[in-house]
Amino acid sequence: MALSTSVNKTSSKHNSPADDGRGTVVGPRYKWLVLSNTTLGVLMATINASSLIIALPAIFRGIKLNPLNPANFTYLLWILMGYLLITAVLVVTVGKIGDIYGRVRIYNIGFAVFTAGSIGLSAVWSHGSAGALEIIIIRLVQGIGAAFLMSNSVAIITDAFPASQRGMALGVNMIAAMAGSFIGLLAGGFLATIDWRWVFLMNVPIGIIGTVWAYVSLKEIGIRTKVKLDWMGNATFAFGLTGILVGITYGIRPYGGHVMGWTNPFVLGCIGSGILLLIIFGIVESHVASPMFKLSLFRIRAFTAGNLASLLAAIGRGGLMFMMIIWLQGVWLPLHGYSFSNTPLWAGIFLLPMTGGFLLSGPLSGYLSDRFGARPFATGGMLVAAINFVLLTILPVNFPYPLFAAIIFVDGLAMGMFVSPNTAGIMNSVPPEERGAASGMRVTFFNAGMPLSIGIFFSLMALGLAGSVPHSLFNGLAANGLPAQLAHQISSGPPIGYLFSAMLGYNPLKTLLGPALHRLPASTVAKLTGHAFFPSLMAGPFKHGLIIIFLFAAGMSLIAAAASWMRGERYVHHGAAESLAAVHDAAILRRDTARDGLATVYDPAGRSDVDAAISEEIIESLD
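Predicted, not measured: the structure shown is a model, and the values here were computed from it.

About the thresholds
- Residues numbered from 1 in each chain as written.
- Predicted model: local features only at pLDDT ≥ 70, side-chain atom pairs only at ≥ 80, totals over all residues.
- Heavy atoms only, no water.
- Phe/Tyr/Trp six-rings, centres within 6.5 Å; stacked < 30°, edge-to-face > 60°.
- Helix = DSSP H or I, 4+ residues; strand = E, 2+ residues; numbered from the N terminus.
- Buried < 20%, exposed > 50% of the residue type's maximum accessible area, 1.4 Å probe, protein only.
- Salt bridge = Lys/Arg side-chain N within 4 Å of Asp/Glu carboxyl O.
- Axes fitted to C-alpha atoms, helices over the stretch in contact; angles between N-to-C directions.
- Parallel < 35°, antiparallel > 145°, perpendicular 65-115°, else oblique.
- Contact = heavy atoms within 4.5 Å.
- Nonpolar A, V, L, I, M, F, W, Y, C, P; charged D, E, K, R; others polar.
- Expected span 1.5 Å × (residues − 1).
- Core = buried A, V, L, I, M, F, W, Y, C linked by side-chain atoms within 4.5 Å.

A. Here's a closer look at the packing of aromatic side chains. Within this structure, the stated rule accounts for 22 aromatic pairs. Measuring from ring centre to ring centre gives 5.6 Å for Y107 and F111, while their planes differ by 80°; the resulting arrangement is edge-to-face. Taken together, the residues Y107 and F111, both in helix α4 (residues 103-122) and four residues apart, mark about one turn of the helix. Taken as a pair, Y107 and F111 share a single burial class, namely buried. Centroid distance F399 to F404: 4.3 Å. Interplanar angle 10°. Geometry classified as stacked. The exposure classification of F399 matches that of F404, with both residues buried. Among the aromatic side chains, those forming a connected cluster through ring pairs are W327, W332, Y338, W346, F350, F389, F399, Y401, F404 and F550.

Now the structure itself:
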């Protein structure tokens, strides 16, 4: 009778509204409300990111800023990477604040701040460097809002869904991210032809709806931890990571007579001081009572391996989208008759198979990982990605599109296999009271890997172009009647300028030749500024740079696969403070996985004897 009573009580509790222990009661449908609202937040953020990339040409023309002027490289880099930098620096701190004051509250603030940033960006009226600075500063404000959203949304989902459904829920969330990228590419390309400000204004209705909806409907059901903020750890971490990422950002910019800035004392000083501050941060965190970056979480193998795999994957492919866009906009599309002004939109359209692959595999792999664990899917995704990068090295630069589409479709499949299972594996492995901080740490690893990858990719490409572009460009210009002095001047420009012009949809020769165009025959002008001349000169050197980049990416993907495999069998951390419903879910999962010989679900030492006894009774009754 005792057994029957305890089991019935457990089942009743499991099917009734959940109570977090502070009087907050939510119904069984609440988890779907959480998923839909957080998905809207992800959708808004990714629409903003991808639309900005496509709309950059219109933005630069709108604020009257010449992207080919080396002095303007910094503005372009900060518009692209400042947002990533601020989110990488803040997400752990904001996640910890969410653990203390409530994840839903901080998430709501993030929605509001991001929306305000979108309004501010659409209201930029200055031109030239002043307009660029305004965009950069307001983008940093947007990044603060994004950090509030990103650090808490995954933790809120993890709080609302049982472990047996988290992979599926996070897979749906990741689908929204890819759908947002798809919508942003198309919407950004279309709206930029009307007015670049509409690219930012389109986020405003989504932001207002999401902010009000989150405020009204989301509840604080997560476990809060009342501790003091680690201000010393926050300061050393923020300034240390900022120093490294700023150094990487300026390392892409030409310096002195060098094509890159890696010998710049400012770059070396930023990176060196950043590393020193992060070492100090590690020492501080091991001595404070309530550390910001809870180093003890790294004792959990699934947490450490998942984050390491995420960092390596981000380094291996963070700059991939930029390289693909440059490949299409700077070489392939012009060679196939597309004008430079139209290449940004068409580049987005031709990259859609990658999105399709992700949309197909993301939710499926997330669902399957709930049963079989993250390791086979996350590891398999990275292995497929490595093979795909090798295939890209043998693809001709002027490729047949169906073959290119097939390869990037498989690449999307590979990333879908990796992202949602890996995220679920990380979040399942941590105690409930640490989910906000853990989610922030997860985002930090990913967001730190992104700018690092962009810096590496651009550096490898610029070094690859530097050895062959000047000679190829000089010979091509001189053979078409340009004076040797002018041909030498144009061909001696920094290769990074050609890369950025291609990414922004500019034909650099039309700008670089300037007044010289009026002194040349009309037929020569038409040839030099046409679709095919500059791309044909760039094709060979660009292919050489791509091979180096893709081999690097393949190597990083293989290491990420090894890191992912090291996570071990499925691990789900159920804290003692979680509801009895979670105990019931854990018991069923233990019974199923043990019976099928699939994995092991571990209960931490902190689980009460009563919960453990109930869990065993549930298993016996189910059997």
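Anyway, onward from the coordinates.
B. Representation of the pattern of salt bridges in the model. Per the counting criterion, the structure on display carries three salt bridges. A salt bridge links R103 to D159, with the nearest nitrogen and oxygen atoms 2.5 Å apart. Here R103 is found in helix α4, whereas its partner D159 is found in helix α5 (residues 128-160), with 56 residues between them in sequence. The salt bridge involving D195 is made with R197; its shortest N-O contact spans 3.6 Å. Judged by relative accessible area, which is 13%, R197 ranks as buried.

C. Highlighting the packing of helix α12 (residues 320-335) against helix α13 (residues 343-350). With their axes 10 Å apart at the nearest point, α12 and α13 run at an angle of 95° to one another. Between α12 and α13, the angle falls in the class roughly perpendicular. Of α13, the residues touching α12 (which contributes L328, Q329, W332, L333 and P334) are T343, P344, W346, A347 and F350. Grouping the constituent residues of the contact of α12 with α13 by class yields eight nonpolar, two polar and no charged.

D. Local environment of helix α16 (residues 401-428). In this model, α16 (28 residues) spans 41 Å end to end at C-alpha, consistent with the 40 Å of a helix rising 1.5 Å per residue. Burial runs high along α16: 20 of the 28 residues are buried.

E. View of the nonpolar core. Formed by 164 residues in total, the largest nonpolar core has its most connected members in W327, F458 and F542. Those residues in contact with W327 that lie beyond four places of it in its chain are W332, L392, L395, P396, V397, F399, F404, F542, L546 and F550.

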